[in-house]
Amino acid sequence: MTGPLEEYAVIALAASGNGDLTAAVETLERLPDGSPGRGTLAAALLWPLMANLQVDLRTLRRLGRVLTIAEADPPDTPRWPALRAGAQVTSLMADTLADRITDPHAALAELEKLAAEAGTDNRFEPIFDSARIGLTLLTALHDGDESAYRRLPEQFERMRDRAGPGAKNMPIEPQLELIEALVEAMHARRKGTDLDEALRRAGRAAERLPANDPLRGMVMQHLATLAGDATPEGGTWTMTAQDQALQRGFAAARMLGMGEETDPARIEAAIRHLREAVALVPPDDLNRAFHLTGLAMGLFRRSEVTNSVAGLDEAVTLLTEARRLAGDADHPHWSLINELLDAVQTRLGAAPASEHPVWLDAMRGHTFHVMVQSDLAGAALAAADASRDAVDFARRGLHDRDAAGAIKALDAGRGLALFAATEVGRVGARLRAAGRADLAVRWDAALASGDPERLPTTLRREAFRVLAAQGVPALLDPPGLPEIRRALRDLDADVLVYLVPGERGLPGHAVLAPADGPPSYLTLPNLRPDQDLEVERYLTSAARRDMGPADAGPRPDAAFAGSLDGLCRWAWRAAMGPVVEQYLPRLRNLPAGRPPRIVLVPTGKLALIPWPAARRRDGRYAIESVAVSQVVSARMLCHAAALPPVKLAPTGLIVGDPDTGGVAGDLPAARVEAQAIRRAFYPGARYVGRRMDDSVSPTGPGRADDVRDWLVSSSPGAGAVLHLACHGFASAGRGTAYLLLAGGEKLAAETLGPLLAQAPERQIGLVVLAGCHTGRAISGYDEAFSLGTAFLAAGVRSVLSTLWPIPDAATSVLMFMFHHFLRVERRPVWDALHRAQLWMIDPHREPPEKMPAELRDELARTDPAEVAAWAGFVHWGR
């Protein structure tokens, strides 16, 4: 039997780093309360415990007990506040692992407060970093914040740098792989899809981490819980009720797979697990809505497999309770809950007739989730399922002959990242109107900084919650038919046409909203791009040409040009023919003096098709019968219509083939184009880039700052027209699109919104992007975020952009004719492009008097009637 002196010696030896810490803690805990110096001894043990910290629940709880003893009788030393703060963080880490954090935002705030208390004592930085990463993961899961996951690699880099020279040689790839797996698991959990592969991948990545990596223990702890292992790495562990509920919930999810399990016995076993999970969680548990939804999902799958409605009434009750707990669209499970409730009600034949159906609530969740992301990549990731769900809801509306409902569904999932970008600049004013000037000040300050980190998801959630609660029109819901009709009339257009490709054995559709009259739809059995060899050939060729800026050349390559011929015939047969020949003749009140004008919303891969070049059997193009513009969504149509027109003057900025420093080839015809356009139509404009004689313009080489400065200029003489005859680049794989300017500098699409938000009074009427790929989406076809649409979202009234690498010489002629019809014949932007394209295919075309000899030479060297020469340009906006 040891005496007090021996016990004190055991503790003191361990505190000095020379003894057994486990034995020292056990000895400390045996000392009676009030023992002399017990608190000081506990404080002395805290640092060696933290210096040898393994991030597992047992170790963290042990350290928490020692902290409690120290706080009861703290030492009077200068280092105690920092030591206490560092130890308190471990309590947050323990609560994170045990899933006991009820408010992750408050926990993060507490963490930063403790970091401030620790001051300059950098001994605790690794602990704070580990806790910060754990709470960031938890907060991201709570908020559905994909942007936060994208920032985690930077946090790991900082952790590694702070850990010292030896840590810098440690590979970071396993940590990044782990993050990706955790993101996959987050999505699978929120959306009710299969978790197995994501969990296995996370386990493999965690096992590759060094034994002392702070994430290894944390992740292995959780994975062991989900696998049903009560003795995870690090020792024995008694699971809480919440842990057991999560274990059963995930076990059931694995049994159900991706909602495709067909074995009734496995489904019944999953339902039993899910009932146990619901019984285990208290009414105020953050995960209760998730468990209720999981049980409803099991009951719904049983109904599908057994072809019975037994249990579906219970599912409705469960989902109604889950909706109540979730509250509103800001809850990460809101979309899943409402999608499932809609499916259950439909199967029961009991979906209530309403102007605000349950599926629309599901889409509101998608919209809110996208709008609170702090960067484009996060927004695109958040929107990944929105368009798919929207098409499913639209198909159901078409099955019920509800064209208006189909239009609302389609638009609810279109271009959400782009719509979010348009809303950012309006939030401050809306917050003030809602009586939250304090929040508006914070928002405007963050926006003015131009730094996405200053406008994080937490601030976005706070702002959009306020606005959603105030019922701000059009914030989460798509526009109704009256708004669409008004926008079409304001823009002098006749009909909005959604083109929806067929899939999974179902036909395609054109869903039509006219400016005057009821909505309708056409069934298009040939609108199946995945079933047509001509379309596949074109898409394959276009994908090969999406690798970077196209070098100058007299004409597109033969494979690409050849693919266009068959594509144009298919486009008429599949969609444009029925729209032009069957639908348009039925429209009433078509205006005289101009061709019928349609505004297309092509969904999925249909966004890559040059629809004006659709050609019927006799060789006549669609453009000879109708004028065609495109729009991302009805939301963006209404956005464009609501902006006042901007009068164009003979001033602006013309950019001609800047010297990229060898990054891309020269575009000699682009210089001819740019100088000819300036001389003939914009004599007061500033010209930057290279001139025809290869010299650099004295007013600027055409750097990125030349364009940026013009975009935010407050000078009355700056003008409202920007014409860019230069290289463009777009890559969906890399998630980037940019203009390539002098010195190889880049002007990226995602920077345009924040840039123009700094100059809210700036009015730009027209941007012409006469470069390759400027209309190609970089964040998914249905998100339609491109260089062109980024300008629209930032408030530019009209934009011309391109679908493919455009031929240098023919483009120069087309662009000269566009500006001719715009400035000389005073046609609207859409009509100027329409007439210029008609001129290109007219065998009797005559160059206007102002066309310079250099452009006439270009015209003589090319065939302007080739589809590749004119059909790659698309009009957007007013």
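Visitor: Let's hear about the packing of helix α16 (residues 312-326) against helix α17 (residues 334-348): which residues, and what values?
Guide: It is at 10 Å that the axes of α16 and α17 come closest, and there the two elements cross at 155°. Viewed along their axes, α16 and α17 adopt a mutual orientation that is roughly antiparallel. The handedness of the crossing between α16 and α17 comes out as left-handed. Facing Leu312, Asp313, Ala315, Val316, Leu319, Ala322, Arg323 and Ala326 of α16, the residues of α17 in contact are Trp334, Ile337, Asn338, Leu340, Leu341, Val344, Arg347 and Leu348. Residue composition of the contact of α16 with α17, grouped by class: 12 nonpolar, 1 polar and 3 charged.

Visitor: Tell me about the nonpolar core, and please be specific about residues and values.
Guide: As a rule of thumb, nonpolar side chains are buried together in soluble globular proteins. By size, the foremost hydrophobic cluster in this structure holds 218 residues, and its most contacted members are Leu496, Trp611 and Phe818. Among the elements that line this core, the one with the most residues is helix α28 (residues 558-583), at 13 residues. If we skip the residues at most four places from it in the chain, leucine 496 touches Ile484, Leu488, Val511, Leu512, Ala513, Val599, Val601, Val631, Ala634 and Leu637. Core analysis: the next-biggest nonpolar cluster, separate from the first, contains 33 residues, Ala87, Leu111, Leu114 and Ile127 among them.

Visitor: Lay out the packing of aromatic side chains with the relevant residues and their values.
Guide: Tallying each qualifying case throughout the model produces 7 aromatic pairs. With a centroid separation of 5.2 Å and an interplanar angle of 80°, the aromatic rings of tyrosine 621 and tryptophan 870 are classed as edge-to-face. You can see tyrosine 621 sitting in the loop between β4 (597-602) and β5 (627-630) and its partner tryptophan 870 sitting in helix α37 (residues 867-870), a full 249 residues away along the chain. Side by side, tyrosine 621 and tryptophan 870 carry an identical accessibility label, which is buried. Look at phenylalanine 681 and phenylalanine 816: their rings are 5.0 Å apart centre to centre, the planes differ by 50°, and that puts the pair in the tilted class. Of the two residues, phenylalanine 681 is situated in helix α30 (residues 668-681) and phenylalanine 816 in helix α34 (residues 808-824); the sequence distance between them amounts to 135 residues.

Visitor: Lay out the pattern of salt bridges in plain terms, naming residues and giving numbers.
Guide: Opposite charge on two side chains makes pairing possible when the charged atoms of those side chains draw close. Applying the stated criterion to the full structure yields 42 salt bridges. One salt bridge in this structure joins aspartate 438 and arginine 436, with 3.0 Å as the shortest N-O distance. For arginine 436, a relative accessible area of 26% puts it in the partly exposed group. A salt bridge links arginine 588 to aspartate 516; the shortest N-O distance between them is 3.7 Å. With arginine 588 in the loop between α28 and β4 and aspartate 516 in the loop between β2 (508-514) and β3 (520-524), the pair connects residues that are 72 residues apart, well separated along the chain. Salt bridges sharing partners connect three or more residues here, namely Asp657, Asp666, Arg671, Arg690 and Asp694.

Definitions and cut-offs
- Residues numbered from 1 in each chain as written.
- Predicted model: local features only at pLDDT ≥ 70, side-chain atom pairs only at ≥ 80, totals over all residues.
- Heavy atoms only, no water.
- Axes fitted to C-alpha atoms, helices over the stretch in contact; angles between N-to-C directions.
- Helix = DSSP H or I, 4+ residues; strand = E, 2+ residues; numbered from the N terminus.
- Parallel < 35°, antiparallel > 145°, perpendicular 65-115°, else oblique.
- Left-handed = near helix turned anticlockwise from the far one by under 90°.
- Contact = heavy atoms within 4.5 Å.
- Nonpolar A, V, L, I, M, F, W, Y, C, P; charged D, E, K, R; others polar.
- Core = buried A, V, L, I, M, F, W, Y, C linked by side-chain atoms within 4.5 Å.
- Buried < 20%, exposed > 50% of the residue type's maximum accessible area, 1.4 Å probe, protein only.
- Phe/Tyr/Trp six-rings, centres within 6.5 Å; stacked < 30°, edge-to-face > 60°.
- Salt bridge = Lys/Arg side-chain N within 4 Å of Asp/Glu carboxyl O.

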